[in-house]
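Structural overview for review
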Amino acid sequence: MNVHELLRLLQTEHDETAARAATLREQIERLTTALTETEARLAELIATRKVIDGLTPPDHATAPAGTTTATVYQRIVTTFNEHPRKVFRVHDLHEHLGLPTDEP
């Protein structure tokens, strides 16, 4: 192997390694952006939960849905407390609470 061939091989490996480093930098940038967005969403969810927890009594006991003193708001909070992992669409929530489903 002569010096010129060795230099050519070295340059080829350098180019491949530089390209790989550039690809990794792009991946890191995309992942950093995704992580920042995800952490922001997590902070929003934590804040939302704190607000909802602050609006409910300490023991999370709200009036039963059928009582005359229970407001629609209290019934909604009770529903979310009873089903903490369920995702409700507005239509489904109205149906669950026996509210009109034909209005926007």
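Keep in mind that this is a model prediction, so the values were computed, not measured. (Residues numbered from 1 in each chain as written. Predicted model: local features only at pLDDT ≥ 70, side-chain atom pairs only at ≥ 80, totals over all residues. Heavy atoms only, no water.)

Let's shift gears to helix H2 (residues 72-82). Of all the positions in H2, only Arg75, Val77, Thr78 and Thr79 are classed as buried. Elements in contact with the buried residues of H2: helix H3 (90-97). (Buried < 20%, exposed > 50% of the residue type's maximum accessible area, 1.4 Å probe, protein only. Helix = DSSP H or I, 4+ residues; strand = E, 2+ residues; numbered from the N terminus. Contact = heavy atoms within 4.5 Å.)

What follows covers the confidence of the model for the protein. Per-residue confidence for the protein averages 83 on the pLDDT scale, and 86% of its residues sit at or above 70. At the level of individual helices and strands, the protein shows its lowest average pLDDT in H3, which scores 81, and its highest in helix H1 (residues 3-55), which scores 94. Within the model, pLDDT remains below 50 along residues 65-69, and this stretch shows four contacts once partners closer than five positions in the same chain are excluded. (pLDDT = per-residue confidence, 0-100.)

Turning our eyes to something else, we now look at the packing of aromatic side chains. One pass over the full model with this rule turns up one aromatic pair. On the basis of an interplanar angle of 90 degrees and a centroid distance of 5.6 Å, the ring pair of phenylalanine 80 and phenylalanine 88 is categorised as edge-to-face. For phenylalanine 80, a relative accessible area of 36% gives the class partly exposed. (Phe/Tyr/Trp six-rings, centres within 6.5 Å; stacked < 30°, edge-to-face > 60°.)

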